[in-house]
Amino acid sequence: MTDSKQSGFEFVMQDPTERFSNETRTKIRKQAMRGRVSAPRHRSSRSSSPPTTQSKCPTRCDSDLGHPLPPMPLSGLELLVRDRGLDPMDLSALASIHIGTIAAIVLSSEPSPLPGVLLCRQRSYFSYIPSHFGHTLALDDAFRCLITSAHSKLVPSHSSRPETILSNYSNALHSLQSAVKNPKTRYSTEVLCATAVLSIFELLNSPNGMPWSQHIAGASRLIQLRGPSRFTSEFDKSLFISLSYPICAQSLLNNECCFLDDPAWLEVMASTHVPSETFTDRSKLGIDLMMLKPRVSGLAKRTNHAVFIQDMLQPEDFETIAADLRVARSKIVTWRRKFNTALIHADERSREDPLDFGKRYELLGVSLVVHIILSRLLCSIAPNDRSLLEEEVQNLALELKTVQGSLAHNRRAEFFFEQKSRIADAAISTHTYFEDVLDSGKIVEIWRLEKFFTALARKCCDGVTCCDTNT
């Protein structure tokens, strides 16, 4: 055995119960400095000469003996998250956009409300992106496009150049179009998700939100082509829940019936129920409300058409539509009663949860909008009940505006109600057109109903191109 003096190393003997003496400290410093100077220098990564030996890949045996395995290389998503400072769940709040044309205007305002909106994470399809990233180019490009744009909005001082964002978007569109044309990928969950992600990109980059509507129309078509039987995984269900609301809203605004108002699709909605949740989109309250919404666009289309051609119809034709409107209105009244009861019995933990609290407002907002529209439609064709119904419309609109004004403490809920306020404003601004005919005893003139629809930014029936020959 080599002597410690000859090898240049000297053992330092020290009683553990005593302090280090000055002499001992000096010896320790000398040994430390000697080791630092004699240690071989590491080659620079820029050196042109290759290493003489190749390191052995660690085996399971090495790991069992306590030798740490080298870190795994960062994946494409991890690199993207590291560079942008955002991960998919940071964008989850944007999965609850119902009326994109309004949301885009709000998001483009100054100061930007985006930071406050993103504070509240929620259950959404964004949580499934990490496990699917790297498998489908369309989804990879779409998410890269969105996260780059979101980072630029949140950190303007370190934003990407407009040319870079536009190039990313061009690549994402090309990848999505290629995937949709390919029969092997057209019906995949990743392609549907890429469509949803690009719709959100448009919200952040289009002041009027019109391109958002085009992506929602594309998502609607993909969902129909896939059919109800394909929505079985949690990823599928999260996408379906997120997209169903804007699809219903677009059907209403475009004077169309919504394809989701069908037993097969309503069954898909019911299958997404999560029993442990109370005030979320997938709670019993959330699902019941969602199943009411597809019916509204069809009732609005039928009512619009009937009022337009009222001179050609018989009273019983209006009674048929009015009966369906009363059934839908009764359901939303019942839903509100259940919602109020759930609020009374909500436990304290639920009240302190900002996500749960914000979701309550979202459910309330949707129910108020549905109720306002149904009551105004019925008001138009039920002259005997018009006075009561118009008063109801105004009270609901005032309630919506009052709730909106109380939400400064919750930016997420405030942003949601800003999307819904147009409906309340439309009801209030057109009140006089219906007040003037409270006692007429007749169906309202078409121009009065069109005033309301125009205020909603909804297309109106022309009696020819958008309607069937019968109601």
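As shown above, the structure is provided for reference.
In this text, all values refer to a predicted model and were calculated from it rather than measured experimentally.

1. Comments concerning the overall build of the protein
Part 1: Helix and strand counts for the protein stand at 20 helices and zero strands.
Part 2: Looking at the 471 residues of the protein, the share that counts as buried comes to 48%.
Part 3: In the protein, the share of contacts with a sequence separation of at least 24, taken over all contacts with a separation of at least 6, comes to 74%.

2. As for the layout of surface pockets
Part 1: Empty space within the second largest pocket amounts to approximately 290 Å³.
Part 2: Residue lining of the second largest pocket: 13 residues in total, with D288, M291, L292, A328 and K331 positioned closest to the centre.
Part 3: Looking at the lining of the second largest pocket, the elements that each hand over two or more residues are α13 (284-308) and α14 (315-345).

3. Quick word on the nonpolar core
Part 1: In terms of nonpolar packing, the biggest core is built from 127 residues, with Y125, F126, I223 and L260 touching the most fellow members.
Part 2: Those residues within four positions of Y125 in sequence are excluded, and the remaining contacts are A95, C193, A196, V197, I200, F235, S238, L239 and S242.

4. With respect to the pattern of salt bridges
Part 1: Under the definition given, this model contains 15 salt bridges.
Part 2: Taking the shortest distance from any N to any O, the salt bridge between R302 and D324 comes out at 2.9 Å. Taken together, the residues R302 in helix α13 and D324 in helix α14 connect sequence positions 22 residues apart.
Part 3: Judged by relative accessible area, R302 falls into the partly exposed class, the value being 23%.
Part 4: Residue R448 pairs with E445 through a salt bridge whose shortest N-O separation is 2.7 Å.
Part 5: Looking at R448, the relative accessible area reads 10%, which means it is buried.

5. Observations concerning the packing of helix α9 (residues 189-205) against helix α10 (residues 210-226)
Part 1: One way to put it is that α9 packs onto α10 with a least axis distance of 8 Å and a crossing angle of 165°. The angle between α9 and α10 falls in the class roughly antiparallel. Pair α9 / α10 crosses with left-handed handedness. When α9 is examined against α10, the residues T189, V191, L192, T195, L198, S199, E202 and L203 are found in contact with a partner set consisting of P211, W212, H215, I216, G218, A219, L222, I223 and R226.
Part 2: Taken together, the residues that form the contact of α9 with α10 break down as 10 nonpolar, five polar and two charged.

6. Focus: the state of the cysteines
One way to say it: the disulfide is the covalent bond shared by the sulfur atoms of two cysteines.
Part 1: Inspection of the entire model under this criterion finds zero disulfides.
Part 2: The thiol sulfur of C257 is not disulfide-bonded, and the nearest other cysteine sulfur, from C258, lies at 8.9 Å.
Part 3: No disulfide involves C258; its sulfur sits 3.9 Å from the nearest other cysteine sulfur, which is in C248.

7. Quick notes on unusual backbone geometry
Part 1: A positive phi angle, close to 60°, is found at N255, a residue other than glycine.
Part 2: Mapped onto the elements of the fold, N255 is located in the loop between α11 (234-253) and α12 (263-271).
Part 3: Residue classification places N255 among the buried positions, given a relative accessible area of 3%.
Part 4: In this structure, A457 is a non-glycine residue whose phi angle is positive, near 65°.
Part 5: Relative to the helices and strands, A457 is located in the segment after α20 (446-455).
Part 6: Owing to a relative accessible area of 43%, A457 belongs among the partly exposed residues under this scheme.

8. Comments concerning the side chain of S213
Part 1: Position of S213 among the secondary structure elements: in helix α10.
Part 2: Each residue touching S213, except ones within four places of it in the same chain, is listed here: T101 and Q250.

Criteria and cut-off values
- Residues numbered from 1 in each chain as written.
- Predicted model: local features only at pLDDT ≥ 70, side-chain atom pairs only at ≥ 80, totals over all residues.
- Heavy atoms only, no water.
- Helix = DSSP H or I, 4+ residues; strand = E, 2+ residues; numbered from the N terminus.
- Buried < 20%, exposed > 50% of the residue type's maximum accessible area, 1.4 Å probe, protein only.
- Contact = heavy atoms within 4.5 Å.
- 1 Å grid on protein atoms, 1.4 Å probe; cavity = no way out; pocket = protein on both sides within 12 Å on 5 of 7 lines; lining within 4 Å.
- Points joined across faces, edges and corners; volume = space filled by probe spheres on them.
- Core = buried A, V, L, I, M, F, W, Y, C linked by side-chain atoms within 4.5 Å.
- Salt bridge = Lys/Arg side-chain N within 4 Å of Asp/Glu carboxyl O.
- Axes fitted to C-alpha atoms, helices over the stretch in contact; angles between N-to-C directions.
- Parallel < 35°, antiparallel > 145°, perpendicular 65-115°, else oblique.
- Left-handed = near helix turned anticlockwise from the far one by under 90°.
- Nonpolar A, V, L, I, M, F, W, Y, C, P; charged D, E, K, R; others polar.
- Disulfide = S-S within 2.5 Å.

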